[in-house]
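Structural features, examined
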Amino acid sequence: MLFSRFFIPTVREIPAEAEAVSHILMLRGGYVRQLAAGLYIYLPLAWRVMNRIMRIIREEMDAAGAQEISMPGLHPADIWQKTGRWFDIGDEMFRLKDRGGRDMCLGMTHEEIITWLASTELRSYRQLPQMWYQIQAKFRDEARPKSGILRTREFIMKDSYSFDRDQEGLAESYRKHAGAYHKIFSRCGLRFYQVQSDPGMMGGAAAHEFMAPSPAGEDTVVLCKQCGYAANTELALSVPPPQKSKGDEVGEALEDIPTPNKRTVTEVSAFLKTDPSCFIKSLLLIGDEGPFLALVRGDRELHEKKLRKVAGNFRPARKDEVKNILGVEAGFIGPHNNDLKKIADISLKDGIYITGANKEGFHTKGIKPDVHFQAQWHDIHIAKEGDACANCGSAITLDQAIEIGNIFQLGAKYSVSLKAVYLDENGKERPIIMGSYGIGPARIAAAAVEQNNDKDGIIWPRSIAPFDVEIIPLDFAEKEIQETTETIYRELINEGFEILMDDRDERPGIKFKDADLIGIPYQIVIGKKGLKEGVVELKTRRTKETERVRPSDIISKVRDIFK
RNA sequence: CGGGGCGUAGCGCAGCCUGGUAGCGCGCCUGCUUUGGGAGCAGGAUGCCGGAGGUUCGAAUCCUCUCGCCCCGACCA
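Everything quoted here is computed from the prediction, not taken from an experiment. (Residues numbered from 1 in each chain as written. Chains lettered and ligands numbered in written order. Predicted model: local features only at pLDDT ≥ 70, side-chain atom pairs only at ≥ 80, totals over all residues. Heavy atoms only, no water.)

The subject of this paragraph is the nonpolar core. A general trend in soluble globular proteins is that nonpolar side chains are found buried together. Counting 62 residues, the largest nonpolar core has Tyr31, Tyr181, Ile184, Phe185, Ile404, Ile444 and Trp460 as the members making the most contacts within it. It is helix H2 (residues 44–63) that contributes the most residues to this core, nine residues altogether. In this structure, Tyr181 is in contact with Met61, Lys158, Ser160, Phe210, Asn406, Ile407, Tyr437, Gly438 and Ile439, ignoring residues within four places of it in sequence. In this structure, Met71, Met108, Ala118 and Phe163 belong to the second largest nonpolar core, which totals 27 residues. (Core = buried A, V, L, I, M, F, W, Y, C linked by side-chain atoms within 4.5 Å. Buried < 20%, exposed > 50% of the residue type's maximum accessible area, 1.4 Å probe, protein only. Helix = DSSP H or I, 4+ residues; strand = E, 2+ residues; numbered from the N terminus. Contact = heavy atoms within 4.5 Å.)

Another aspect to go through is the sheet that holds strand S32 (residues 536–540). One open sheet holds the five strands; their spatial order is S30-S29-S31-S32-S33, and the pairing between them is mixed. The open sheet terminates on both sides in strands that have one partner only, identified here as strand S30 (499–501) and strand S33 (546–549). Taking each pair of neighbouring strands and ignoring which way they run, the sheet shows an average axis angle of 20°. Examined bridge by bridge, strand S31 (residues 522–526) and S32 share four bridges and lie antiparallel to one another. Looking across to S32, one finds that Tyr522 is bridged to Thr540. Strand contacts of helix H13 (residues 508–518): strand S29 (469–473), S31 and S32, with the helix running at about 175° to S29, the strand carrying the most contacts. (Pairing = 2+ DSSP bridges. Axes fitted to C-alpha atoms, helices over the stretch in contact; angles between N-to-C directions.)

A few words on the packing of H2 against helix H11 (residues 441–451). Relative orientation of the contacting elements H2 and H11 amounts to 115°, with a least axis distance of 9 Å. As H2 packs across H11, the resulting crossing turns out to be right-handed. Contacts between H2 and H11 pair Val49, Met50, Ile53, Met54 and Ile57 from the former with Pro441, Ala442, Ile444 and Ala445 from the latter. When its residues are assigned to classes, the contact of H2 with H11 shows nine nonpolar, no polar and no charged. (Left-handed = near helix turned anticlockwise from the far one by under 90°. Nonpolar A, V, L, I, M, F, W, Y, C, P; charged D, E, K, R; others polar.)

Now for the side chain of Glu209. Among the secondary structure elements, Glu209 is positioned in strand S10 (residues 207–213). Despite its burial, Glu209 pairs with no opposite charge, the nearest such side chain being Lys305 at 7.9 Å. Apart from the residues within four sequence positions on either side, Glu209 is in contact with Tyr193, Gln194, Val195, Ser197, Asn232, Glu234, Glu403, Gly405 and Asn406. (Lys, Arg positive; Asp, Glu negative; His and termini not counted. Salt bridge = Lys/Arg side-chain N within 4 Å of Asp/Glu carboxyl O.)

So, in structure tokens, the structure goes:
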């Protein structure tokens, strides 16, 4: 491909709207342009990257036994109404009506559609298992699109679905997907983890996410290097370190101490010169069955999702409710001397604590859990760096990461509501057991850029780079340079390589800068100086190392590198 | 949805406070010179100052409304 004929609108200045590194570099490198919030045009370079990623995905999905299909992006509402998600999902779903006034939506995902298909076509255990996938646009009216192509309102997703007779079959399909995903992300040159994740609105039992570590990521994962425990913080368990008590500041007997106008843990802790871990944070919440207290240690944050799993739905109490229920304002409430239901974090199990006295302007010290109050004990705190692994006790670490793929064991949730059933060997009707599996190709591209760049630009992993090699003749008008360039260009193409050749009449500096920005992994620089000494230069984008090679040897050299 | 920021030439920005000729750098076009890390000189083109209303003799600038984009948070199959 000739650079002069290929549309690569590089820009020198950093566009004002970009923040994430991958976003900046993809705009500057002429990869993408923004149409509106969360809507991007993929220019030729980016589309080549996407196609390479999608090709790898197809190869591995096919190898795992999945079959590619294609489903509409526009869906009739009634199927989504049958599973209830038409009502469960709010503004995030794009909804519209057709000319006949029928409710429609743009597909956020395709569980409903594929289950409808399965319900009409799969009848017998003899037809199972099946694994079907597609690479298709998804539409989600995101509350906040961000970070370039990382979070957009329309995006391409590889989504696949498995149909099995039973739980064992699902486990096998799930395992196959996990295996394929490892191969896909490895082949794409990413660093990634597989972590436990929250099934959320998908329903179902097990779920894992594939996470590419990057500061641009929106998720935080908890990792234990010792035992391999890996989980998204939305469900990760951890054991906080013991309370930092000096021993003397927390008396043995209960004692109310005046803490005028000191309400938050930070304020009281500073006022009493006692570590936040010696306090109990008491939060009054209103659940479906009335008010209850959630208790976490002063140095911890309440994890609302974890609490919802054990306490059901809830909302924070309003100021007047706090006053009515406990007779005191929020800064001074505590778990003792009241009969409210209490759910306490495991970090409070040991130690002696200070907490609100349920009396205006006072806190109580000497509170012993299980002695001065009773509670249900659960892990309801947010895991932090420095906590111990809930599994093996060694130190955990936290890492920001981009979610590049996920796998869900759905079970019978969709097959029951859409009547996707089969007859088993005994002629008995059973629901098909399903799994659902997603990959975001654009996120793979963005994560690859986030993980592979330097001050000059992108450094693509070979497997997904838009081209294999960029040839840079420094003065294309020079006859010898031109001849050498064209010979090498033609021969590399004959060898099956994808080559970008910078035939532009530009100064060398511009060609070098653009080449580094675009990030093709190898550059062949052909200049007058080198040719005089009988060599061209083979430069590795990542290391900037240059090797002098005779023009007659360059083809075999490149062949060796890509072997 | 809450908080913050920004809309002026293709891109990055100044001008706005204190109303009066719309500017700078890069890019773009022409010519000459230049050619191993974003060249030099000379000449040139380019603006509904996001939009609508208002105040005023006069609005990029002041007021009201509105649309859009970004960031933080909430949300996120």
